[in-house]
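Commentary on secondary and tertiary structure
Here is how the chains run, residue by residue.
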Amino acid sequence: MKRLSVRLQNLVAQVAVPFTFGAAVLLLRGLLGYRWENLKAFRAKVRTLVDHREGPVILCPNHLTMIDSLLLIWAMTPAWRALSKPKLFPWNTPEKKNFSHNAVFRFFCYIGKCLPVVRQGPPRQMQVFMDKIKLLLAKGQSLMMFPEGKRSSSGRVDTHNFAYGIGKIIDDVRQQGLRPRVLCLYLRGRRQDGKSSMPRRGDRFFVDAELVEPTTHHSGLRAARDLATQIVQRLAGMEAAYFAR
Amino acid sequence: MTQSEAFDKVVSIIGPFAKNADALKAATRETKILTDLGVNSARLVDIILAFEDEFNIAIDDDTADKIRTLGDAVDQIIALAKK
């Protein structure tokens, strides 16, 4: 049943790509006036790092606003390429309570490849969620998860108080014999000082990507912590490079 | 190791992660780690790993999921330490 529901959602989302991407670009570019500093170079880099390689990819961005994932999906690929390369249109894992109260949000989340998650939910519910994620990664799809687990309250990548959920997912998937690669993404509007609900209208965004292949000799919770730490440290390094420019 | 010794060690391990200092001072076996002590859920993993190091035990995911209160932690630690 899980397999069928995920495959059906994937099919509907892929068919709806022109509508989804069109609506996203209309909103972000047309209404909110957002622009990119380095879009062509970023897309070429993502294609090199993700598109030409086999196997699942987990995208791990920093997190400053509520629409980071939408911005990144727009940045990663044009709609026509997302139609033929589903890996460039990643799955997302938004908190269920943030959108489940509104039918329009639920619709867009469904066609936007969102798998709702209830943080700290019952173990059985979390197991169903994890099974779906493993299924998608086993099929070579991509998944976007914010490794910090929340928006950075200081406006900088939080290297001390982050969640280890991403490490647990990677460790679980590795135990199935998969070797997911992690694409760290650093996104920041030029006028983005700290965290906010939305970027400022008309902001220009910088975005960069680096591939990480986190490894650990630990198991269980220690492995989860070790893997998550490597990813967050890499994001912090990308942030340092951004501010050093 | 007595229940009392284990309880004191558990409280001292959780102390640095607890935002509610008053609740920590008045902690009992029924004190809930997340809601009463104000521990960030993301830090539970650090606490579990600190238990493992301090008591020289291995806590699996299922056991970790059962730990809600300080009493749960003490009971699980003592049970694992006896194995």
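Keep in mind it's a predicted model, so treat the numbers as computed, not measured. (Residues numbered from 1 in each chain as written. Chains lettered and ligands numbered in written order. Predicted model: local features only at pLDDT ≥ 70, side-chain atom pairs only at ≥ 80, totals over all residues. Heavy atoms only, no water.)

Observations concerning the overall build of chain A
What counts, and what does not: Going along the chain from the N terminus, every DSSP run of H or I of four or more residues is numbered as a helix, and every run of E of two or more is numbered as a strand. Note on exposure labels: buried denotes an accessible area under 20% of the residue type's maximum, exposed denotes more than 50%, and partly exposed covers the range between, all computed with a 1.4 Å probe on protein chains only. Every residue pair with non-hydrogen atoms within 4.5 Å of one another is taken to be in contact. Using the Shrake-Rupley algorithm and a 1.4 Å probe, accessible areas are obtained, with residue cover drawn only from the displayed protein chains. Charge counting follows a simple rule: Lys and Arg are positive, Asp and Glu are negative, and His as well as the terminal groups are ignored. Charge coordinates come from a single atom per side chain, which is NZ of Lys, CZ of Arg, CG of Asp or CD of Glu.
The number of helices and strands found in chain A is nine helices and six strands. The dimensions of chain A, computed from C-alpha atoms along their principal axes, are 45 × 40 × 35 Å. Sorting the 245 residues of chain A into buried and exposed places 50% on the buried side. Considering only contacts within chain A whose residues lie at least 6 apart along the sequence, 77% involve residues at least 24 apart. Working note: accessible area of chain A is about 11700 Å², and carbon and sulfur atoms make up 56% of it. Treating the 40 positive side-chain charges of chain A as one cloud and the 17 negative ones as another, the clouds have centres 6 Å apart.

Re the overall build of chain B
What counts, and what does not: Radius of gyration: over C-alpha atoms. The globule rule applied is 2.2 Å multiplied by the number of residues raised to the 0.38 power.
Counting secondary structure elements, chain B contains five helices and zero strands. Sequence-ordered secondary structure for chain B, helices as α and strands as β, is α-α-α-α-α. A globule of 83 residues ought to have a C-alpha radius of gyration of about 12 Å, and chain B, at 11 Å, matches this closely. The dimensions of chain B, computed from C-alpha atoms along their principal axes, are 35 × 25 × 20 Å. Residue burial in chain B is summarised as follows: out of 83 residues, 47% are buried. Look at the contacts in chain B between residues 6 or more apart in sequence, and 54% of them connect residues 24 or more apart. Surface accessibility of chain B: about 4500 Å² in total, with carbon and sulfur atoms responsible for 50%.

Here we look at the sheet that holds strand 6 (residues 204-212) of chain A
All names here are of chain A. Defined as follows: Two strands are said to pair when DSSP picks up at least two bridges between them.
Pairing in this open sheet of six strands is mixed, and the strands run 1-6-5-2-4-3 from one edge to the other. This sheet does not close on itself; its edge strands, each paired only once, are strand 1 (35-36) and strand 3 (91-92). Pairing of strand 2 (residues 57-61) with strand 5 (residues 181-189) involves five bridges; the strand directions are parallel. For Pro-61, the partnering residue across the bridge sits in strand 5 and is Leu-185.

A closer look at a nonpolar patch on the surface
Residues and elements named next belong to chain A. Here is the rule we go by: Here the term patch refers to residues with relative accessible area over 30% and no salt bridge, with like charges joined within 9 Å and nonpolar side chains (Val, Leu, Ile, Met, Phe, Trp, Tyr) within 5 Å. Counted as salt bridges are all cases of a side-chain nitrogen of Lys or Arg within 4 Å of a carboxyl oxygen of Asp or Glu.
There is a patch of nonpolar side chains on the surface, built from Leu-8, Leu-11, Val-12, Val-15 and Tyr-110 and spanning about 450 Å² of accessible area. Top element by residues in the nonpolar patch is helix 1 (residues 2-15). It accounts for four residues. Along the chain, Leu-11 turns up in helix 1. Judged by its relative accessible area of 54%, Leu-11 is exposed.

Looking at the interface of chain A and chain B
Here is the rule we go by: Note: buried area is the sum, over both parts, of the accessible area (probe 1.4 Å) each one loses when the two are combined.
The interface of chain A with chain B comprises 11 residues on the first partner and 12 residues on the second. Interface of chain A and chain B: buried area, both sides summed, is about 1100 Å²; carbon and sulfur atoms make up 48% of it. When the buried area of chain A at its contact with chain B is split by residue, Tyr-164, Leu-221 and Arg-222 of chain A rank highest and sum to 52% of it. In this assembly, chain A and chain B are joined by four salt bridges. Salt-bridge contacts for Asp-46 of chain B lead to Arg-225 of chain A; the nearest nitrogen and oxygen are separated by 2.9 Å.

Quick notes on the packing of helix 9 (residues 220-244) of chain A against helix 3 (residues 44-55) of chain B
Formally: Angles here are taken between N-to-C directions and fall from 0 to 180 degrees, while the axes themselves are lines fitted to C-alpha atoms, restricted in helices to the stretch in contact. These descriptions rest on fixed angle ranges, namely under 35 degrees for roughly parallel, over 145 for roughly antiparallel, 65 to 115 for roughly perpendicular, and the rest for oblique. In a left-handed crossing the near helix is turned counterclockwise from the far helix by less than a right angle, and in a right-handed crossing that turn is clockwise.
Where helix 9 of chain A meets helix 3 of chain B, the closest approach of the two axes is 10 Å, and the angle between their N-to-C directions is 130 degrees. Considering the angle they form, helix 9 of chain A stands oblique to helix 3 of chain B. Here helix 9 of chain A and helix 3 of chain B pass one another in a crossing that is left-handed. Of helix 3 of chain B, the residues touching helix 9 of chain A (which contributes Leu-221, Arg-222 and Arg-225 of chain A) are Val-45, Asp-46, Ile-48, Leu-49, Glu-52 and Asp-53 of chain B.

A word on the packing of aromatic side chains
Residues and elements named next belong to chain A. As a reminder, the rule being used: Each Phe, Tyr or Trp ring (for Trp, its six-membered ring) is paired with any other whose centre lies within 6.5 Å, and the angle between the two planes then decides the class: stacked below 30 degrees, edge-to-face above 60, tilted in between.
A complete count under the given rule lists 11 aromatic pairs over all chains for this structure. Judged by centre distance (5.9 Å) and plane angle (20 degrees), the rings of Phe-19 and Phe-108 are stacked. On the criterion of sequence distance, the pair formed by Phe-19 in helix 2 (residues 17-31) and Phe-108 in helix 6 (residues 103-111) is long-range, its members being 89 residues apart. Residue Phe-108 is classed as partly exposed on the basis of its relative accessible area, which comes to 34%. Aromatic side chains Phe-21 and Phe-89 sit 5.2 Å apart centroid to centroid with 85 degrees between the ring planes, which places their arrangement in the edge-to-face category. Note that Phe-21 is positioned in helix 2 and Phe-89 in the loop between helix 5 (79-84) and strand 3, a separation of 68 residues in sequence.

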